[in-house]
Structures are given as C-alpha cells and as structure tokens.
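# Analysis of the macromolecular model
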Amino acid sequence: MALVIAPYVDFHTHQRAGGGVEMLNIDALDEVAVARACDEGLPFSVGVHPWRANVAEEQLQKAYLRIERCVSSDGFVAIGECGLDWVSQVPRATQMAVFEQQLDLARRLSAPVVLHCVRAFEEVLQLLRKWSVERAVFHSFIGSVQQAEHVAHEGYLCSFSPRSLASSRTCEAIRRVAPSAILVESDESDESIESVYERIAALRGCSVMELQQVVNDN
C-alpha cells in the first residue's frame, strides 16, 4: 500500500505559524480569544489551565459555559489544556476541582481532552478513569518509557514537543513508544514544527514522511 503524504500536524501550539494543520490552544477565561477562535473555524482546543484555576468562581462558571458552546464550532477539537501541576503555586484542591469540572464536560460532550500534567501522572490517570474519559492526550509529554507505555496501554496519546526532546528519558520513550500513541507539537517554542518532526523521526529511525503518516492517522 502506497504511503499517503500527510501535512505537518502541530497538535498543540500557542501561536499559529501558518504551516500545515495547527491546533491553537485557547484560554477559556478569555472571552475575546474564544469568540475569535469560534469565528475563524480553524482547529483549536479550549480549556482552563491549572495555573489559571485560582480565579473567582463566577469567572470559572462562565469559562465552562464557553467551552460547552465551543463544541458546536467547526474548529473545535478538544477540551484543554487542563490538568494538574504539582509544581504550581495554585492549591492542589483548587486544581483538582477545576480539572474535574472539565473532565465532566468532556464525558458529557464526548470530547477529547488535552492534558497538562506536571509531577501528577498517577493522579491524572486516576481522574481520567473516574470520569470515564475515552480520549486524552498528554501534551508536551515528559516522562519515562514506562509512563509512555502506560499512556498507550490506556488508549491515550503522548504529544511530543521541543521540551520533550530536552529530556534524555523522554527521548528514550519517543524511541520505544508504540506508533499509535504519538502526536507532535511545537507548544510555546519558536522552533518550527518541521524541525520537531525531523528530530523525532531521527530518534525513531524513520523518515519524516512516515512520521507524518503516523501523526495524521492518530
């Protein structure tokens, strides 16, 4: 079977570079940014980041409503990024409450979630199971081979970024994780998505075209 050439897919970015398919991350607390993303019709995710969880309850409720309304937009792909960050100064209980609200939305709306997970791997997995979330992506994944394999076993995906490539143990995870668990992103980096693909393809010992096909399929 001939290999189909896929475009570069940047699964998670904070700024559009204008090349390939880019999923822009939108802060659900930003009413203007949410409205713009819905009007553009280009791929986006929308959620409340754990760093932003410590805001007034009224603001959070408005953000949840915006997320719910976004689902009908042509460009909507996923809820997030959302999750847990045990390095953040935001109280853990606050982060948990905001994360669970979004997982509840994901379950009710049958939407995937884009996860921010820092030193909270087991807790995030437990909550995904609790809320019966079927589709999830650990964005800018930084972890071990065992953690990446665990993600794949659960049917979730790892999205690898320049930050992922700075970790030697995550580079080993990139080499060994199943192809069905791989996505690629630029995140907040200025590095081109083409360069990120080239570096990941080199680690896996495959061509950029083969990696494009894997990501496109996933």
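A brief structural summary. None of these values were measured; they are calculated from a predicted model.

## A short note on the sheet that holds strand β8 (residues 182-184)
Reading across the sheet, the 8 strands line up as β1-β2-β3-β4-β5-β6-β7-β8 and stay open at both edges, with parallel pairing between neighbours. Every interior strand has two partners, whereas the edge strands, β1 (9-13) and β8, have only one. Pairs of neighbouring strands in the sheet enclose a mean axial angle of 30°, with direction left out of account.

## Section: the packing of helix α3 (residues 92-109) against helix α4 (residues 121-130)
Viewed as axis vectors pointing N to C, α3 and α4 meet at an angle of 40°, and their least axial separation amounts to 10 Å. Classified by chirality, the crossing of α4 by α3 is right-handed. Residue-level contacts link M96, F99, E100 and L103 of α3 to V124, L127, L128 and K130 of α4.

## Details of the state of the cysteines
Here the structure, examined in full by the defined rule, presents 0 disulfides. Not engaged in a disulfide, the cysteine C38 finds its nearest cysteine sulfur in C70; these two sulfurs lie 3.5 Å apart. For C70, a relative accessible area of 1% gives the class buried.

## Describing the pattern of salt bridges
One pass over the structure, following the stated rule, counts 11 salt bridges. Between R107 and D104 there is a salt bridge, with its nearest N and O atoms 3.6 Å apart. You can see R107 and its partner D104 sitting in helix α3, 3 residues apart, about one turn around the helix. Put simply, R199 and E191 hold a salt bridge, and the shortest N to O gap is 2.9 Å. With a relative accessible area of 36%, R199 lands in the partly exposed category. Several salt bridges converge on common partners, so that one network encompasses E68, D104, R107 and R108.

Rules behind the numbers
- Residues numbered from 1 in each chain as written.
- Predicted model: local features only at pLDDT ≥ 70, side-chain atom pairs only at ≥ 80, totals over all residues.
- Heavy atoms only, no water.
- Pairing = 2+ DSSP bridges.
- Helix = DSSP H or I, 4+ residues; strand = E, 2+ residues; numbered from the N terminus.
- Axes fitted to C-alpha atoms, helices over the stretch in contact; angles between N-to-C directions.
- Left-handed = near helix turned anticlockwise from the far one by under 90°.
- Contact = heavy atoms within 4.5 Å.
- Disulfide = S-S within 2.5 Å.
- Buried < 20%, exposed > 50% of the residue type's maximum accessible area, 1.4 Å probe, protein only.
- Salt bridge = Lys/Arg side-chain N within 4 Å of Asp/Glu carboxyl O.

Read these as layout, nothing more, since geometry by itself doesn't imply function.
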